[in-house]
Amino acid sequence: MTVTLREAVVPRFANEPAPLGLETAAVYCPDPDAAGVGGDWFKARALPGGRVLLAIGDARGHGLEAVTLMAKLRYALAALAYIDEPVEKLTAWLNHVACDDGRESTAIVARFHPAESLPRWVCTGHPQPVQVRGGSGRLLQHPCSGPGLQLGFVPGESYPAVETTLSPGDVVLMYTDGLVERRGSDLDTDTARLLRVAERLARGGITLGRDGLERYVQAVVQDMACAHQTDDATLLLVRCLPVPTAPPGGPGR
């Protein structure tokens, strides 16, 4: 039953963003000691007006309660993203949904603007994305004011956004904490390990095309999770393609 439920709400790449300048790939690994369902979620979808919604989140907990909140947040964001409002406001509205449910969760919400190869993103207490360019990796930096609070923590909270310019070939790794955290270990140490793994596996280049990105994401997850996994782990990869022709009259950010 839990497997069927997870399959019913697990993300699908139903509307590929490749024509808008992005390739995407993802892996979800349920906690091997849990019920087979959890709170990890992600979304990657082309939107009207030539933009792309990118998001990943983690509704705290395990089992049916976590997957219920996960589904609420994911579907709420999927609908809100069609409104021509900045990601800061979309995230604030998503916080209202989480507050009504009374449980906390973390997320990264981004819109990608292909004409500028520019993702504009908000972080709500979630692990920082990793950018890989060539054979080097780095953590994407939060706004000067720092990341926003977790969703569902303070009603009416506002969330700052930051913009990151990407170059063709850049790969961004968005992930949940289950991919990196280890019991008895320091989070900074665990995150540094992800940077080393991402860099090592990118040496010599990540093969062009969706299949190449899929092989890379599978290799990263296999190296990071393996027998050390103690929670749900999700990894969403986004690769920047050469800038496509800008659609006429594109909306705001």
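Up top is the structure these notes are about.
Just so it is clear, the model here is predicted, and its values are computed rather than measured. (Residues numbered from 1 in each chain as written. Predicted model: local features only at pLDDT ≥ 70, side-chain atom pairs only at ≥ 80, totals over all residues. Heavy atoms only, no water.)

Participant: Even after reading the chapter, I still don't get the overall build of the protein, so can you show me in this structure?
Facilitator: Along the backbone of the protein there are five helices and ten strands. Buried positions account for 51% of the 253 residues belonging to the protein. Restricting the contact set of the protein to residue pairs at least 6 apart, pairs at least 24 apart contribute 74%. When the accessible area of the protein is evaluated, it comes to approximately 10,700 Å², of which 55% is carbon and sulfur surface. (Helix = DSSP H or I, 4+ residues; strand = E, 2+ residues; numbered from the N terminus. Buried < 20%, exposed > 50% of the residue type's maximum accessible area, 1.4 Å probe, protein only. Contact = heavy atoms within 4.5 Å. Areas by Shrake-Rupley, 256 points an atom, 1.4 Å probe, with all protein chains shown as cover.)

Participant: Would you mind showing me how to read the sheet that holds strand E7 (residues 136-139) here?
Facilitator: Backbone hydrogen bonds hold the strands of a sheet together, and the pairing may be parallel or antiparallel. As summarised here, the arrangement of the five strands in space is E1-E10-E9-E6-E7, forming an open sheet in which the pairing is antiparallel. At either margin of the open sheet sits one strand with a lone partner, and together these are strand E1 (22-29) and E7. Put simply, the sheet's adjacent strands are angled 20 degrees from each other on average, direction ignored. Two strands pair when backbone bridges link them, and E1 and strand E10 (residues 233-240) are joined in this way by eight bridges, in the antiparallel orientation. Residue pairing in the sheet places Tyr 28 in a bridge with Thr 234 of E10. Helix H4 (residues 187-202) rests against strand E6 (130-133), E7 and strand E9 (171-175) of the sheet, and its axis sits at about 150 degrees to E7. (Pairing = 2+ DSSP bridges. Axes fitted to C-alpha atoms, helices over the stretch in contact; angles between N-to-C directions.)

Participant: Is there a simple way to think about helix H2 (residues 63-80) in this case?
Facilitator: The α-helix winds at 3.6 residues per turn, so residues separated by three or four positions along the chain end up facing the same way. Along its 18 residues, H2 runs 26 Å from first to last C-alpha, staying within 8% of the 26 Å computed at 1.5 Å per residue. Residues Gly 63, Ala 66, Val 67, Leu 69, Met 70, Ala 71, Leu 73, Arg 74, Ala 76, Leu 77, Ala 78 and Leu 80 constitute the buried set of H2. (Expected span 1.5 Å × (residues − 1).)

Participant: Can you walk me through the nonpolar core in this structure?
Facilitator: When a protein is soluble and globular, its nonpolar side chains tend to lie buried together. Leu 173, Leu 179, Leu 194, Tyr 216 and Leu 235 are the most contacted members of the largest nonpolar core, which totals 26 residues. Mapped onto this core, the elements with two or more residues apiece are E1, E6, E9, H4, helix H5 (210-224) and E10. Per element, the largest residue contribution to this core is six residues, and it comes from H5. Discounting chain neighbours no more than four positions away, the residues touching Leu 173 are Pro 129, Val 130, Val 132, Leu 194, Ala 198, Val 220, Leu 235, Leu 236 and Leu 237. (Core = buried A, V, L, I, M, F, W, Y, C linked by side-chain atoms within 4.5 Å.)

Participant: I tried to follow the pairing of strand E3 (residues 51-62) on my own but got confused; where do I start?
Facilitator: For a regular strand, side-chain orientation follows a simple rule: the groups alternate between the two sheet faces. Most of E3 sits inside the fold, with nine of its twelve residues counted as buried. Here strand E2 (residues 38-47) hands over to E3 after three residues, with Gly 49 in that stretch at a positive phi of 90 degrees.

Participant: Please explain the side chain of Arg 239 as it appears in this structure.
Facilitator: Mapped onto the elements, Arg 239 comes out in strand E10. A polar side-chain atom of Arg 239 sits 2.9 Å from the main-chain carbonyl oxygen of Thr 207. (Polar contact = N/O pair within 3.5 Å; in protein donor to acceptor, adjacent residues only side chain to side chain.)

Participant: Just to check I follow, could you spell out the environment of Pro 30 for this structure?
Facilitator: Among the structural elements, Pro 30 can be located in the loop between E1 and E2. For Pro 30, a relative accessible area of 35% puts it in the partly exposed group. Considered as a pair, Pro 30 and Asp 40 are ten residues apart in the sequence and their alpha carbons are 8.7 Å apart.

Participant: Would you mind going over the pairing of E1 with me for this structure?
Facilitator: Within E1, eight of the eight residues are buried, which leaves the element mostly enclosed by the surrounding structure. The alternating pattern of E1 places Leu 22, Thr 24, Ala 26 and Tyr 28 and Glu 23, Ala 25, Val 27 and Cys 29 on opposite faces, both of which are buried.

Participant: I'm lost on the packing of H4 against H5 in this one. Help?
Facilitator: A pair of packed helices is characterised by two quantities: the angle between their axes and the separation of those axes. Put simply, H4 and H5 touch, their axes get as near as 10 Å, and they point 140 degrees apart. Overall, the two elements H4 and H5 adopt an arrangement that is oblique. H5 is crossed by H4, and the crossing has right-handed handedness. Contacts from Asp 190, Arg 193, Leu 194, Val 197, Ala 198, Arg 200, Leu 201 and Ala 202 in H4 reach Tyr 216, Ala 219, Val 220, Asp 223 and Met 224 in H5. (Parallel < 35°, antiparallel > 145°, perpendicular 65-115°, else oblique. Left-handed = near helix turned anticlockwise from the far one by under 90°.)

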